[in-house]
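Understanding the architecture of this molecule
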Amino acid sequence: MEPPTPHKRTGRPRSAEADRAILGATREALVELGWGKLTLSDVAARAGVAKTTLYRRWAGKNELVVDAIAALFEEQLDLPDLGSLQADIRGVVLRFAALLDHPAIRTGLMAVVAEATHDDALRLRIREAVVDRQKHLVLLGRARAQSRGEIPPDDTDPALTARDADLIFDVIAGSVVHRVMVSATPVDDDWADRLALLLVLGLSGVRSG
């Protein structure tokens, strides 16, 4: 899967191979050096490209790290059809937790979220590159569950449907992020089962409104 595309810039055509090398080098540097010591010069050297190549694609370290993290999410987080809503949710919870335990994501995500508290543009980039790209899993999971008759159909108002999708995503992502990155407690099979059951019980009786 192609890495997320940073904001368009003028200049020579982009190289997907160079982008992959740069994003991979960024994750490697995050693991080895940590957020504070990571520099664009080091990333360029690891990726085998000129430093100017990075600046043509990314305004700075914050944006580069967000895209490096987003690419990893895109590559590894999807929604296999496991036959039931509860199984689908459980699968996503376990895979999301495993991603958050990845050293590059653990280091980079906490850092850029902290930086975004005083940077509105960075906060928007995180939302667009990471959060919004994963919300399609909620819509896909709900559509599957509705086709199986496990939960009621969506409300006819698209705005209410989108609002509910946001809430479901926030509950799943927020629970797992807090468990893994704040409480520093493993997400095991039992916890994933109980969270999935809690969500299924709620979703089966709630309509948009």
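Report on the accompanying structure. (Residues numbered from 1 in each chain as written. Predicted model: local features only at pLDDT ≥ 70, side-chain atom pairs only at ≥ 80, totals over all residues. Heavy atoms only, no water.)

**What about unusual backbone geometry?**
- Unusually for a residue other than glycine, Ala184 sits at a positive phi of about 55°.
- Within the fold, Ala184 resides in the loop between helix H9 (158-182) and helix H10 (189-203).
- By relative accessible area, which is 62% here, Ala184 ends up exposed. (Helix = DSSP H or I, 4+ residues; strand = E, 2+ residues; numbered from the N terminus. Buried < 20%, exposed > 50% of the residue type's maximum accessible area, 1.4 Å probe, protein only.)

**Re the packing of aromatic side chains**
- Counting across every chain of the model gives one aromatic pair.
- Taken together, a centroid distance of 6.0 Å and an interplanar angle of 50° make the contact between Phe73 and Phe96 tilted. Of this pair, Phe73 sits in helix H4 (residues 61-76) while Phe96 sits in helix H5 (residues 85-100); the two residues are 23 residues apart in sequence, bridging distant segments of the chain. There is no split in this pair, since Phe73 and Phe96 are both buried.
- Above the plane of the ring of Trp35 lies Lys61, whose end atom (NZ or CZ) is 4.5 Å from the centre. (Phe/Tyr/Trp six-rings, centres within 6.5 Å; stacked < 30°, edge-to-face > 60°. Lys NZ or Arg CZ within 6 Å of the ring centre and 35° of its normal.)

**Points about the side chain of Arg144**
- Mapping Arg144 onto the fold places it in helix H8 (residues 136-147).
- Every residue in contact with Arg144, bar those within four places of it in the chain, is listed here: Leu79, Pro80, Asp81 and Asp88. (Contact = heavy atoms within 4.5 Å.)

**Examining the nonpolar core**
- Phe73, Val93, Leu100 and Val176 are the most contacted members of the largest nonpolar core, which has 61 residues in total.
- With nine residues, H4 is the largest single contributor of residues to this core.
- Excluding residues that lie within four positions of it along the chain, Leu100 makes contacts with Phe73, Ile105, Arg106, Leu109, Val176, Val177, Val180 and Met181. (Core = buried A, V, L, I, M, F, W, Y, C linked by side-chain atoms within 4.5 Å.)

**Considerations on the packing of H9 against H10**
- Between H9 and H10, the shortest axis-to-axis distance is 12 Å and the interhelical angle comes to 160°. If you check the angle between H9 and H10, you find them roughly antiparallel. As for the relative orientation of H9 and H10, their crossing is right-handed in sense. Taking contact as the criterion, the partners of Ile168, Val171, Ile172, Ser175, Val176 and Arg179 in H9 are, on H10, Trp191, Leu195, Leu199 and Leu203. (Axes fitted to C-alpha atoms, helices over the stretch in contact; angles between N-to-C directions. Parallel < 35°, antiparallel > 145°, perpendicular 65-115°, else oblique. Left-handed = near helix turned anticlockwise from the far one by under 90°.)

**Brief notes about the pattern of salt bridges**
- Applying the stated criterion across every chain, the model contains 16 salt bridges.
- Connected via shared salt-bridge partners are Asp81, Asp88, Arg144, Arg148 and Glu150. (Salt bridge = Lys/Arg side-chain N within 4 Å of Asp/Glu carboxyl O.)

**Observations concerning the packing of helix H1 (residues 16-33) against helix H2 (residues 40-47)**
- The N-to-C vectors of H1 and H2 enclose an angle of 120°; their axes lie 8 Å apart at closest approach. Classified by the interaxial angle, the pair formed by H1 and H2 is oblique. As H1 runs across H2, the sense of the crossing is right-handed. Residues Ala21, Ile22, Ala25, Thr26, Glu28, Ala29, Glu32 and Leu33 of H1 form the contact with H2, whose own contacting residues are Asp42, Val43, Arg46 and Ala47.

**Considering H1**
- Across its 18 residues, H1 extends 25 Å between first and last C-alpha, which sits within 8% of the 26 Å expected from 1.5 Å per residue.
- Those residues of H1 that are buried lie in contact with H2, helix H3 (51-57), H4 and helix H6 (103-116).
- Gly34 sits one or two positions beyond H1 and adopts a positive phi of about 85°. (Expected span 1.5 Å × (residues − 1).)

**Examining the environment of Ile89**
- Looking at the secondary structure, you find Ile89 in helix H5.
- The class of Ile89 is buried, set by a relative accessible area of 8%.
- Taking C-alpha positions, Ile89 is 8.4 Å from Leu195, a pair spaced 106 residues apart along the chain.
- The contacts of Ile89, once residues within four sequence positions are left out, are Ala196, Leu199, Val200 and Leu203.

**What about the environment of Gly141?**
- Checked against the element boundaries, Gly141 lands in helix H8.
- Discounting residues that sit within four places of it in the chain, Gly141 has contacts with Leu79 and Leu85.

**A few points about H9**
- Here H9 is 25 residues long and its end C-alpha atoms lie 34 Å apart, about the 36 Å a rise of 1.5 Å per residue gives.
- Of the positions making up H9, those classed as buried are Thr161, Asp164, Ala165, Ile168, Phe169, Ile172, Ala173, Val176, Val180 and Met181.
- Considering only its buried residues, H9 is in contact with H5, H6, helix H7 (120-134), H8 and H10.
- Where H9 starts, the residue carrying a side-chain oxygen 2.9 Å from the main-chain nitrogen of Ala159 turns out to be Asp157.
- Phi turns positive, to about 55°, at Ala184, one or two residues after H9. (Polar contact = N/O pair within 3.5 Å; in protein donor to acceptor, adjacent residues only side chain to side chain.)

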